Amino acid sequence: MSDMPPAPTSADGPEPSVPVSDTATNSATNPATDTVTDSSTGQGSEQGTGRYLYAVCRRLPPGALQGVHGLSGEPLELVEHGDLVAVVSTVPLASFGEDALRRNLEDLSWLESVVRGHDDVVQAVAAHGPVAPMRLATICFDDDAVRARLRQWAVDLGYVLDRVTGSAEWSVKLLELAPQAEALEEAEAPASGAEYLRRRKAAVEQRAASSASAADVADDIHATLACRAKASRQLPPQDPRLSGLSGTMVLNAAYLVPDVDAAEFTAALDELRGRYPSLLIDARGPWPPYSFAMLGQP
Amino acid sequence: MTTLSARSEVVAGGPGEVPAGSSDRRPTRNLAPVALVDLLDRLLGAGVFVAGDVVISLAGVDLVEVRLHLLVSSVRAEMAETRRPVP
């Protein structure tokens with residue numbers, strides 16, 4: 001915070017206007033944006049505009065982002081420093097300032113529209129070459145602040161862009177399908193108490209073995225895929241109500257796969273599916289390298 | 001089931017996805033759409049890119065993660081209300 005520019009100044013872009021696209025429908029209607037905030041920070045940060053950073057890349061062919069808009073339908077603009085190019089657009093601080101963000105991040109439809117708008121831009125940039133996607137709601141006061149960040153991060157950004165060049169992210173989730181034992185157990189009444197106990201014991205053992213083996217299998221699959229990737233990361237398992245996937249998620253991983261090895265990677269996935277028919281292997285990609293663009297990541 | 005990803009599938013097929021492959025003369029790569037829940041994983045979760053001082057007075061990662069937890073809670077509550085039995 002300490003080295004932040006002292007006050008928001010009018011950015012190079014156009015003044016904030018009524019959103020013209022449906023990518024941020026809430027900014028006009030969300031009551032939060034109409035509220036005058038208490039400026040406990042003393043900076044009046046809820047007024048004026050900021051520059052929203054979507055991604056950093058090295059260069060873009062002319063017209064590469066033609067037809068793609070920023071949040072609220074604002075035009076995308078490029079801020080350059082050295083060989084680094086930041087893709088930005090103007091956002092109203094009434095929606096993206098500190099207090100407004102606190103409220104808006106909890107508004108699911110607002111969040112979805114911003115996440116989608118952010119991804120649209122990142123995807124468009126990624127279609128033309130290596131990209132370092134920024135985290136959601138990375139906002140600078142003005143272009144000078146953007147350039148200052150590019151200067152500050154130049155070495156790390158260069159490293160990130162080098163690493164992701166020619167590669168894309170693949171997501172692989174492993175889902176353990178619900179065991180059948182209990183269904184069987186309930187399907188036929190046990191003939192005797194001993195039969196009942198034997199079944200219980202078998203079911204308990206099977207569940208224990210199954211969960212242990214699911215973890216082992218997840219490790220095996222992750223190792224198999226990781227050695228075909230330049231880098232890998234494990235993310236927390238997703239709640240089935242968010243993912244829409246049923247079963248127990250035993251692995252939620254991301255792999256940075258060179259484009260030239262993508263066929264080999266998907267072939268390995270097919271082979272794994274054949275080897276482990278009881279697991280659902282949900283693979284998606286290629287994606288922009290969202291999981292592999294962190295600064296300072298080894 | 002009404003889920004984030006179910007909704008995002010709809011969005012993913014919409015006009016918002018056009019930029020990735022369509023626009024112009026030299027799209028060099030074809031990338032696939034990302035489900036909303038996966039974007040949230042990456043844009044708000046562990047996959048954060050930089051610590052917070054760029055974000056205007058947004059207290060960086062911690063705040064966002066706290067907000068995400070609130071979000072997930074609210075999503076769960078919403079799902080509980082609207083969820084239909086899984087076929």
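To keep things clear, this report deals only with the structure shown in the data block. Source: prediction; values computed, not measured.

## Side note on the overall build of chain B
- Across its full length, chain B carries four helices and zero strands.
- Element order for chain B, N to C, with α for helix and β for strand: α-α-α-α.
- The 87 residues of chain B split such that 49% are buried.
- Counting only contacts in chain B whose residues sit at least 6 apart along the sequence, the fraction spanning at least 24 positions is 47%.
- With the model as given, the accessible surface of chain B reaches about 4100 Å², and the carbon-plus-sulfur share is 58%.

## Thoughts on the pattern of salt bridges
- Overall, the coordinates contain 16 salt bridges over all chains when judged by the stated rule.
- The residue R273(A) makes a salt bridge to D270(A) at a minimum N-O spacing of 3.0 Å. On the criterion of helical spacing, the pair formed by R273(A) and D270(A) is a turn pair, its members being three residues apart in helix 10 (residues 262-275).
- Linked by salt bridges that have partners in common, E169(A), K173(A), D38(B) and R42(B) make up one network.

## Quick notes on the nonpolar core
- Counting residues in each nonpolar core, the largest one holds 40 residues, and the members touching the most others are Y52(A), Y54(A), V87(A), F96(A), V115(A), V125(A) and L136(A).
- Every element with two or more residues in this core is listed here: strand 1 (49-57), strand 3 (84-92), helix 5 (108-126) and strand 4 (131-140) of chain A together with helix 3 (36-43) of chain B.
- Of the residues forming this core, the biggest block, nine residues, is contributed by helix 5 of chain A.
- Looking at which domains feed residues into this core, each of domain 1 (22-165) and domain 2 (168-292) of chain A gives three or more.
- Not counting residues within four places of it along the chain, the set of residues in contact with V87(A) comprises Y52(A), L53(A), Y54(A), A55(A), L60(A), L65(A), L76(A), E77(A), L78(A), V121(A) and V125(A).
- Counting 20 residues, the second-largest nonpolar core is a separate cluster that includes L174(A), V257(A), A262(A) and F265(A).

## Digging into the packing of aromatic side chains
Residues and elements named next belong to chain A.
- Counting across every chain of the model gives five aromatic pairs over all chains.
- For the ring pair Y52 and Y54, a centre distance of 4.7 Å and an interplane angle of 45° mean the geometry is tilted.
- In this structure Y52 comes out as buried when scored by relative accessible area, which is 0%.
- Plain terms: the ring middles of Y255 and F265 are 5.6 Å apart, the flat faces sit at 50° to each other, and that makes the pair tilted. Of this pair, Y255 sits in strand 7 (residues 248-258) while F265 sits in helix 10, placing them 10 residues apart in sequence.
- On the basis of relative accessibility, which here comes to 0%, the residue Y255 falls in the buried class.
- An aromatic cluster of at least three residues, connected via ring pairs, comprises Y52, Y54, F96 and W110.

## A short note on the sheet that holds strand 5 (residues 167-176) of chain A
Residues and elements named next belong to chain A.
- The strand order across the open sheet built from four strands is 6-7-5-8, with neighbouring strands paired in antiparallel fashion. Looking at which strands have only one partner, the edges of the open sheet turn out to be strand 6 (231-234) and strand 8 (279-287). Strand-to-strand twist of the sheet, defined as the mean angle between neighbouring strand axes without regard to direction, takes the value 20°.
- One ladder, built from 10 bridges, connects strand 5 with strand 7; its direction is antiparallel. Within the sheet, the bridge partner assigned to V172 lies in strand 7 and is A253.

## Thoughts on helix 6 (residues 143-164) of chain A
All names here are of chain A.
- The end-to-end C-alpha distance of helix 6, which contains 22 residues, comes to just 26 Å, noticeably less than the 32 Å that a straight helix rising 1.5 Å per residue would cover.
- The largest bend in helix 6 amounts to roughly 70° and is located at A154.
- Inspection of helix 6 places D143, A145, V146, R149, L150, W153, L157, G158, V160, L161, R163 and V164 among the buried residues, and these make up the whole buried set.
- Looking at the buried residues of helix 6, the elements they touch are strand 1, strand 2 (77-81), strand 3, strand 4, strand 5 and strand 7.
- Backbone nitrogen of D144 and a side-chain oxygen of the N-cap are separated by 3.2 Å at the start of helix 6; the cap is D142.
- Count one or two residues on from helix 6 and you reach G166, which has phi positive near 75°.

## Considerations on the sheet that holds strand 1 of chain A
Residue and element names in this part refer to chain A.
- Reading across the sheet, the four strands line up as 2-3-1-4 and stay open at both edges, with antiparallel pairing between neighbours. Each edge of the open sheet is held by one strand with a lone partner, namely strand 2 and strand 4. Across the sheet, the mean angle from the axis of one strand to that of its neighbour is 30°, orientation sign disregarded.
- Across five bridges, strand 2 lies against strand 3 in antiparallel orientation.

Cut-offs applied
- Residues numbered from 1 in each chain as written.
- Chains lettered and ligands numbered in written order.
- Predicted model: local features only at pLDDT ≥ 70, side-chain atom pairs only at ≥ 80, totals over all residues.
- Heavy atoms only, no water.
- Helix = DSSP H or I, 4+ residues; strand = E, 2+ residues; numbered from the N terminus.
- Buried < 20%, exposed > 50% of the residue type's maximum accessible area, 1.4 Å probe, protein only.
- Contact = heavy atoms within 4.5 Å.
- Areas by Shrake-Rupley, 256 points an atom, 1.4 Å probe, with all protein chains shown as cover.
- Salt bridge = Lys/Arg side-chain N within 4 Å of Asp/Glu carboxyl O.
- Core = buried A, V, L, I, M, F, W, Y, C linked by side-chain atoms within 4.5 Å.
- Domains from an automatic or database assignment.
- Phe/Tyr/Trp six-rings, centres within 6.5 Å; stacked < 30°, edge-to-face > 60°.
- Pairing = 2+ DSSP bridges.
- Axes fitted to C-alpha atoms, helices over the stretch in contact; angles between N-to-C directions.
- Expected span 1.5 Å × (residues − 1).
- Bend = angle between axes of the 7 residues up to and from the residue.
- Polar contact = N/O pair within 3.5 Å; in protein donor to acceptor, adjacent residues only side chain to side chain.

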